[in-house]
Amino acid sequence: MNLRVKHSLRYTYDQPVALGPHVLYLYPKTYPHQQILNYALHIDPLPSKVVRNVDEEGNVQQVAYFAFNTSFFTVEAEMTLRSDPFNVFDFVLFPFETQNIPFRYPDRAQKYLAPYLSRHEITPYVEQFARQIATQANWATVPFLTLLSQHIHDNFFYQHRAEGRAFPPETTLRGQKGSCRDYSSLFIAACRSLGVAARFVSGYLYGNPAQAHELHAWVEVFLPGAGWRGFDPTEGRAMINNHVCLGASADSDQLAPVMGTFQGNAAAVLTAYVEIEEVAG
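Residues numbered from 1 in each chain as written. Predicted model: local features only at pLDDT ≥ 70, side-chain atom pairs only at ≥ 80, totals over all residues. Heavy atoms only, no water.

S.K.: If you had to explain helix H5 (residues 180-193) to someone new, which residues and values would you point to?
M.R.: Relative to the 20 Å expected for 14 residues at 1.5 Å per residue, H5 spans 20 Å between its end C-alpha atoms, a close match to the ideal helical length. Burial analysis of H5 places 14 of its 14 residues in the buried class, the great majority of the element. Taken from the residues just after H5, glycine 195 is the one with a positive phi, measuring 85°. (Helix = DSSP H or I, 4+ residues; strand = E, 2+ residues; numbered from the N terminus. Expected span 1.5 Å × (residues − 1). Buried < 20%, exposed > 50% of the residue type's maximum accessible area, 1.4 Å probe, protein only.)

S.K.: So what's going on with a nonpolar patch on the surface? Residues and values would help.
M.R.: Nonpolar side chains collect at one region of the surface, where Val92, Phe94 and Phe96 lie side by side and expose about 340 Å² of accessible area between them. By secondary structure assignment, the location of valine 92 is in the loop between strand S5 (69-83) and helix H1 (107-113). Of the residues examined, valine 92 reaches a relative accessible area of 53% and is grouped as exposed. (Patch = residues over 30% accessible without salt bridge, like charges linked within 9 Å, V, L, I, M, F, W, Y side chains within 5 Å. Areas by Shrake-Rupley, 256 points an atom, 1.4 Å probe, with all protein chains shown as cover. Salt bridge = Lys/Arg side-chain N within 4 Å of Asp/Glu carboxyl O.)

S.K.: Tell me about the state of the cysteines, and name the residues and values.
M.R.: In this structure the tally under the stated criterion is 0 disulfides. The structure places no disulfide on cysteine 191, whose sulfur is separated from the nearest cysteine sulfur, that of cysteine 180, by 17 Å. Take cysteine 245: it sits in no disulfide, and the sulfur closest to it among the cysteines is that of cysteine 180, at 13 Å. Among the residues examined, cysteine 245 registers a relative accessible area of 2% and is labelled buried. (Disulfide = S-S within 2.5 Å.)

S.K.: How would you sum up the packing of helix H3 (residues 141-155) against H5? Please name residues and give values.
M.R.: The N-to-C vectors of H3 and H5 enclose an angle of 145°; their axes lie 11 Å apart at closest approach. In terms of crossing hand, the pair formed by H3 and H5 is right-handed. Across the interface between the two elements, Phe144, Leu145, Leu148, Ser149 and Ile152 from H3 touch Tyr183, Leu186, Phe187, Ala190 and Cys191 from H5. A per-class count over the contact of H3 with H5 returns 9 nonpolar, 1 polar and no charged. (Axes fitted to C-alpha atoms, helices over the stretch in contact; angles between N-to-C directions. Left-handed = near helix turned anticlockwise from the far one by under 90°. Contact = heavy atoms within 4.5 Å. Nonpolar A, V, L, I, M, F, W, Y, C, P; charged D, E, K, R; others polar.)

S.K.: For the sheet that holds strand S9 (residues 216-223), give the residues involved together with the corresponding values.
M.R.: Strands sit in the order S11-S10-S9-S8-S12 across an open sheet of 5 strands; the sheet is antiparallel. For this open sheet the edge positions go to strand S11 (237-238) and strand S12 (243-249), each flanked by a neighbour on one side alone. The strands that H5 touches are strand S8 (198-205), S9 and strand S10 (227-232); relative to S9, the one it contacts most, it runs at about 15°. (Pairing = 2+ DSSP bridges.)

S.K.: Which residues make up unusual backbone geometry, and what values do they have?
M.R.: Note the cis peptide between phenylalanine 94 and proline 95, where omega equals 5°. Here proline 95 is to be found in the loop between S5 and H1. Each neighbour pair has its own omega, and for isoleucine 101 with proline 102 the value is -5°, a cis peptide bond. Assignment of secondary structure puts proline 102 in the loop between S5 and H1. Its identity is not glycine, yet glutamate 121 carries a phi of approximately 75°, on the positive side. Residue placement: glutamate 121 occurs in the loop between H1 and helix H2 (124-136). A relative accessible area of 38% means that glutamate 121 is categorised as partly exposed. Not every positive phi belongs to a glycine, and tryptophan 139 is a case in point at roughly 60°. Tracing the chain through its elements places tryptophan 139 in the loop between H2 and H3.

S.K.: Any details on the environment of phenylalanine 72? Residues and values, ideally.
M.R.: As for its placement among the helices and strands, phenylalanine 72 is situated in strand S5. With 134 residues separating them in the primary sequence, phenylalanine 72 and tyrosine 206 have C-alpha atoms 30 Å apart. Not counting the four nearest positions on each side in its chain, phenylalanine 72 is found in contact with Arg10, Tyr11, Thr12, Tyr13, Asp44 and Pro45.

S.K.: Residues and numbers for empty space enclosed by the protein, please.
M.R.: Tallying each qualifying case throughout the model produces 1 cavity of 30 Å³ or more. Its volume calculated, the largest cavity comes out at about 30 Å³. Lining the largest cavity are Tyr31, His33, Gln34, Trp218, Glu220, Met239, His243, Val244 and Cys245. Of all the elements in the fold, those that place two or more residues in the lining of the largest cavity are S9 and S12. (1 Å grid on protein atoms, 1.4 Å probe; cavity = no way out; pocket = protein on both sides within 12 Å on 5 of 7 lines; lining within 4 Å. Points joined across faces, edges and corners; volume = space filled by probe spheres on them.)

None of the figures reported here should be taken as evidence of function without further support.
In structure tokens:
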């Protein structure tokens with residue numbers, strides 16, 4: 001299928017401000033099953049320069065520079081992607097001992113995956129939770145991941161929260177509630193507590209009315225022989241072809257669609273809106 005996404009963000013200031021450089025994470029990552037057909041970025045007021053880079057974790061970032069004062073700042077990204085069906089479980093875990101957790105990655109992989117294995121925010125309570133899910137899955141790697149995703153979806157109360165950082169994993173676990181960011185952070189902590197590399201993903205989800213008009217968050221885990229594979233605890237399942245990734249990071253607070261500063265004493269108000277729909281090929 002082909003997916004069209006339009007993402008609009010508008011900042012208004014109650015008096016003119018000087019905009020500093022702004023980093024935009026609004027360009028989709030490509031995957032073997034998903035390719036960009038067209039892309040357009042509109043910024044008003046017109047920047048003096050826009051530089052497109054690849055950041056430390058392989059995400060496309062666009063940096064906008066401004067040379068004048070303004071009382072508003074609008075960013076609109078429009079994109080169309082071809083997203084083909086694929087079987088997220090069509091792989092063989094190799095080395096074979098990685099079919100059960102916990103396991104150790106091969107030395108070369110371990111070196112590059114270190115940021116995604118950080119034990120920051122992993123508490124004994126979170127690790128105990130992960131071990132309970134692993135026990136139910138007979139300590140098998142893939143069943144653990146699917147059961148973890150299903151458990152969060154089935155047993156936690158979803159809360160809409162458009163702004164703010166993800167809550168600490170233990171807070172989400174004890175409260176049994178949270179947003180997609182909170183669910184994802186808990187999923188990541190549970191995986192890392194058992195030695196599975198995991199990262200936070202930000203983007204769009206097609207097909208869920210509750211997520212149709214805002215950013216969505218999910219998780220990718222690195223499986224030897226399979227690479228990065230997506231799991232969505234908000235949906236309670238592995239990824240198929242209705243997610244569009246804007247960026248993936250070891251940290252949950254580094255992928256806001258627009259990040260920057262301004263000089264001035266103004267108060268700022270943000271209005272954001274996402275449209276995602278299937279279109280004819």
